[in-house]
Amino acid sequence: MSEPLLRVRDLRVEFQLARGTLRAVDGVSFDVHPGESLGLVGESGSGKTVALRALVGLLPRTARITGGTVEIDGVDVSSASEARRRELRGTTVSMIFQEPMTALNPVMRVGEQIAETPLVRLGQSRREAKQRALELMRLVGIPDPTRRAEAYPHELSGGMRQRVMIAIALSGNPRLILCDEPTTALDVTIQDQILKLLQQLQRELDVALVFVSHDLAVVAQTSRRVAVMYAGQIVEQGAVADVFREPRHPYTLGLMRSVPDFDAVRETLTAIPGAPPDLASPPRGCRFHPRCQFVQTDCLEGEIPLIELGGDCAARCLHHDQVALDVRREPVIADG
Amino acid sequence: MAVAAEAVVEAQLIEHRRGFAKRWYRTPSFVAGVTILGLIVLAAIAAPLITTHGPTSQDLLNTLQGPSGKHWLGTDDLGRDVWSRLVYGARTDLKVAFLAVLFPFTIGTLIGLVAGYYGGWVDTITNWLVNVVVAFPFYVLIIALVFALGSGTRNIYIAITIVGWVSYARIIRGEVLVAKRRDYVLAAKSGGLSDARIIFRHLLPNVVTQAIVFACSDIVLDILAIVTLGYLGLGVQPPNPDWGRMIADGQTFLTTHWELSTVPGIAVVVTALGLSLLADGLADLLRPE
Amino acid sequence: MNLGGYVLRRLLQLVPITLGVTILVFFLIHLVPGDPAATILGNQATPARIALLHHQWGLDRPIWVQYGKFMGRVVHGNLGDSLFYGVSSGHLVLQRLPVTLWLIGFGTLLSVLIAVPLAAIAATNRDRIPDHVVRAVPLVGLGFPPFWVGIVLLLVFGLHVGRAFPVGGYGNGFVGHLHSMFLPALTVAFGIAPILIRSLRASLLEVLESEYVTTARAKGLPESRVLVRHALRNAVVSTVTVLGVNIGYLVGGTLVIEQVYALPGIGQLMINSIFQRDFPVVQAVTLVFSIMVVLVYLLSDVVHALLDPRVRFD
């Protein structure tokens, strides 16, 4: 197995708030190999978006990386200078954002925005960059690119805008693309188109993807491996098929049971009771224990480690076997 | 029903005022503004006590003297004590500025209330008037009006009112447009309260804060206007001391006695600074939480 | 809707306002208590002169007829003759207009050159020392009477520091103009810059938090390009409107500054005419000033639409 393209070890990110320090990401570790796709799943507030942005140093003003390392292509970016990080952005690593209406410069034509990275970062001439932009627009499926390149973002539909975002992300020939809920703000039908496009591009161009979403179905469609996040920590990770078919963490189980999208043969649809914890003062012991149906006394104190379960799977639960039993009794996904 | 609405408004106002009383001393800009302005106002009020000469008494044997024990800031070209003229000038300019802000405030607020509450053609005409007045460069219109009406303080008030009501009307109208859709107004209306009562007892206390905040920064503009008019010879008439007039008179002696023009200007700047700080502080304090 | 359509629409909206302006200007005479002619003429009044003015202004006719005739003359460019100089007011105004236009244009340019870098420094150093320093500028600066600033500048640069600039007058030739007009334009600039700085800084702070700036940074673009091509480019959109609104103030400021520097512009013409009781000229200048302001509002709207493509699609 080749060297990982992205190595995250024990990442910690804190927010300075008026009422104290909030640890949004607390000891997250994962690897992404070239050409691989990893999904990062969790509710809002789980820390998935913060973790993603921390990878390239695009955190808001009030946030700081307070621990851990991030290595991209062998370079330690967490302790590197801003200049070094900037070098990698756009060319080695690029990002796709959730809301293309706000993520695109409203007063700049889309063609120009797509051509910007080739022009400024890859040293292409104006004409070359323009050609490249048109090429990319064709690649992402924008019809009539020559005319569309002259348009402003507000003149395009939501799906078109997201395609433009994808084109921008591809324009620097990246090896890794970070996707921050790119389909959440879109119509369901468009969502599907964009997801298929991403899958196709990933295969054809052999780029690695880290795909953040709260939507399990979307992650199932785009990623081969998944990490489930809760309250700033990874609570389960493994191959998508394994994790979703046989979750080993109560939270993952709860998520699976509350999602109606899968072709599940289930009588009941249950939501997870309770609410995510306040990360300025998380609960002692397992962070999920206040909402957990399998909770026992040893869950209430101490750090719960991520337990290896073999075959690339891991779960942060002392009673993962209980969870497995529960799944066997009442499968989350129908066979076949 | 209407009684309930009135009770709600009362409660809101009390809450507002209590919040203000609790925080004013912790807002640095407010405190600084009050301090600076307070000192100047005190000096103006205590003018006879802190000056040794009258502001208009000439001493043609001792013109253009530099600062000395007898004349703290020296004398001007007619032998008048500069310090005294400065302090009495504060009296004149401050008084005129405060009054000059009061009339536009009152008239503008009234017009804004009516235009915002009734809407329709009243509003349209008001808007048109506002746009017409705004189309005139501020100073041009004031100067033209002072020309037409003649100089002197009374006409300064009239001129500034004619030009200045516009901003207040706009602010109040904007606030009323938002406020009149609030529950307490609808409750009052359905409770059968008269329009006048609704406007004055219910809307006014809630929309007037923005206008008050603006008034503070407007005083700065008015002081500048009065001083400018004084400079041009169209303002407060001599021999009443006025900072603008002092600057104008001093300009002839720029090469030899530059302090004659500079010192009154500094007085204006400091006064304006105090007022601006006060305005900022008030804005912070009166901002709804 | 394209840019041309937008401009046309705005022009049409300005018609009732312009009409209102002419009415106000026209009624300036009627504001004067007593017999306007006698008051205007002051101690130059003789029965013959009074009667002449009455006739010249048509004061012996019903008011709407008077207004009609007034408008009729205005449309033909006839703004009455100067009582003092005897020539057409329009001619006097045209003669001196270039000076005032120079002052306004140069002043606006300088104010932008001052405000933009300062606002950028403040916004990119939020809550640190440079920011606090820049924020103090509008606070203190707005209290400076423009004419006093002019005098101080005259004192320092005109009379002392190497007598770098002339103390008055318009100068000859383009370079001469630049030289003579520099201090006056700087005075004008110091007047508007504080407001611009405040507005642009606020705008920039907002823009710098937006998603598209993050996108630009995600492209790994140098921070200077992010600031100029993405942040500033969007922040100036709302500042243009603020600048336009303050032109009303700016134009008035030139009037006083022309006095300070003895510049032969229409502002000085107005002041002199006021003291000379030369009413037709005062009326003419007031009208011209107002038309200028209205045009400036139009211009700022047009520039706004140019800068922000979303506006045109209304």
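The rules behind each value
Residues numbered from 1 in each chain as written. Chains lettered and ligands numbered in written order. Predicted model: local features only at pLDDT ≥ 70, side-chain atom pairs only at ≥ 80, totals over all residues. Helix = DSSP H or I, 4+ residues; strand = E, 2+ residues; numbered from the N terminus. Buried ≥ 20, exposed ≤ 12 C-beta atoms within 10 Å, placed from the backbone. Contact = placed C-beta atoms within 7 Å. pLDDT = per-residue confidence, 0-100. Expected span 1.5 Å × (residues − 1). Nonpolar A, V, L, I, M, F, W, Y, C, P; charged D, E, K, R; others polar. Axes fitted to C-alpha atoms, helices over the stretch in contact; angles between N-to-C directions. Parallel < 35°, antiparallel > 145°, perpendicular 65-115°, else oblique. Left-handed = near helix turned anticlockwise from the far one by under 90°. Core = buried A, V, L, I, M, F, W, Y, C linked by C-beta atoms within 7 Å. Pairing = 2+ DSSP bridges.

A. Quick look at the overall build of chain A. Across its full length, chain A carries 12 helices and 12 strands. Considered along the principal axes of its C-alpha atoms, chain A spans approximately 65 × 45 × 45 Å. Among the 336 residues that make up chain A, the fraction classed as buried is 46%. Pairs at least 24 apart in sequence give 65% of the contacts found in chain A among residues at least 6 apart.

B. Spatial organisation of the overall build of chain C. Assigned secondary structure in chain C consists of 12 helices and zero strands. The secondary structure elements of chain C, listed N-terminal to C-terminal, are α-α-α-α-α-α-α-α-α-α-α-α. Taking all 314 residues of chain C together, 46% fall into the buried category. Relative to all contacts within chain C whose residues are 6 or more apart in sequence, the contacts with residues 24 or more apart total 71%.

C. Local environment of the confidence of the model for chain C. Here chain C averages 80 in pLDDT, while 85% of its residues score no lower than 70. Taken together, the chains of this predicted complex give a pTM of 0.80 and an interface ipTM of 0.83.

D. View of the interface of chain C and chain B. Across the boundary between the two partners, chain C contributes 38 residues, which contact 35 residues of chain B. Residue assignment for the side of chain C that touches chain B shows that the elements contributing at least two residues are helix H1 (3-31), helix H6 (129-141), helix H7 (146-160), helix H10 (223-261), helix H11 (266-275) and helix H12 (279-307) of chain C.

E. Layout of helix H11 (residues 259-286) of chain B. Over its 28 residues, H11(B) runs 40 Å from end to end, which matches the ideal 40 Å to within 8%, given 1.5 Å per residue. By the criterion of burial, H11(B) is predominantly enclosed, with 20 of the 28 residues buried.

F. Broad picture of the interface of chain C and chain A. Listed per partner, the contact involves 18 residues of chain C and 24 residues of chain A. Elements supplying a minimum of two residues to the side of chain C that touches chain A: helix H9 (211-218) and H10 of chain C. Looking at the side of chain C that touches chain A, the element that brings in the most residues is H9(C), giving six residues. Broken down by class, the residue content of the side of chain C that touches chain A amounts to five nonpolar, six polar and seven charged.

G. How the structure looks around the packing of helix H8 (residues 173-208) of chain C against H10(C). Residue and element names in this part refer to chain C. Close contact between H8 and H10 brings their axes to 8 Å; oriented N to C, the two are set at 160°. One way to sum up the angle between H8 and H10 is to call them roughly antiparallel. Crossing of H8 over H10 shows right-handed handedness.

H. Up close: the nonpolar core. Residues A:Leu40, A:Leu178, A:Val210, B:Ile142, B:Ile143, C:Val285 and C:Val293 are the most contacted members of the largest nonpolar core, which totals 257 residues. Ranked by residues supplied to this core, first place goes to helix H9 (residues 195-232) of chain B with 21 residues. When near neighbours in sequence (up to four residues on either side) are disregarded, C:Val293 contacts B:Ala135, B:Phe136, B:Pro137, C:Ile247, C:Gly248 and C:Val251.

I. Spotlight on the pairing of strand S9 (residues 225-230) of chain A. All names here are of chain A. Burial runs high along S9: six of the six residues are buried. A two-sided burial pattern is seen for S9, the buried positions comprising Arg-225, Ala-227 and Met-229 on one face and Val-226, Val-228 and Tyr-230 on the other. Taken together, the four bridges between strand S3 (residues 37-41) and S9 define a ladder with parallel strand orientation. Following the sheet pairing, Leu-40 is matched in S9 by Ala-227. Counted along the chain from S9 to the antiparallel partner strand S10 (residues 233-239), the turn is two residues long, and its residue Ala-231 has a positive phi close to 50°.

J. Looking closely at the sheet that holds strand S5 (residues 75-76) of chain A. Residues and elements named next belong to chain A. If you walk across this open sheet you meet the four strands as S2-S1-S4-S5, and the pairing is antiparallel. Each of the sheet's edge strands pairs with one partner strand only, and the pair in question is strand S2 (20-32) and S5. Across two bridges, the pairing between strand S4 (residues 63-72) and S5 is antiparallel. Note that in S5 the partner of Glu-71 across the bridge is Asp-76.

K. Quick peek at the sheet that holds S9(A). All names here are of chain A. Overall, mixed pairing links the eight strands, which are arranged S6-S7-S8-S3-S9-S10-S12-S11 in an open sheet. Each edge of the sheet is formed by a strand with only one pairing partner; in this case those strands are strand S6 (93-96) and strand S11 (307-310). Across the sheet, the mean angle separating the axes of adjacent strands is 20° when strand polarity is ignored. Here six bridges tie S9 to S10, and the two strands are oriented antiparallel to one another.

L. How the structure looks around unusual backbone geometry. All names here are of chain A. The phi torsion at Asp-73 lies on the positive side, around 55°, for a residue other than glycine. Looking at where Asp-73 falls in the secondary structure, it is placed in the loop between S4 and S5. Although it is not a glycine, Asn-173 sits at a positive phi angle of roughly 55°. As for its position among the elements, Asn-173 is in the loop between helix H7 (158-170) and strand S7 (176-180).

M. A look at the pairing of S7(A). Residue and element names in this part refer to chain A. With respect to burial, S7 is a largely interior element, five of its five residues being buried. Direction of pairing for S6 relative to S7: parallel, over a ladder of four bridges. Its bridge partner being in S7, Ile-96 is matched across the sheet by Cys-179. One ladder, built from five bridges, connects S7 with strand S8 (residues 208-213); its direction is parallel. What sits directly across from Leu-176, in S8, is Ala-208.

N. Molecular detail of the arrangement of the chains. Between all two pairs of chains that are in contact, chains B and C come out with the most contacts. What separates chain A from chain B at the closest point of their C-alpha atoms is a distance of 16 Å, and the two make no contact.

O. Spotlight on the packing of helix H5 (residues 89-124) of chain C against H8(C). Residue and element names in this part refer to chain C. H8 packs onto H5 with a crossing angle of 40° between their chain directions and a minimal axis gap of 4 Å. For the crossing formed where H5 meets H8, the hand is right-handed. Among the residues forming the contact of H5 with H8, the class breakdown is 26 nonpolar, three polar and one charged.

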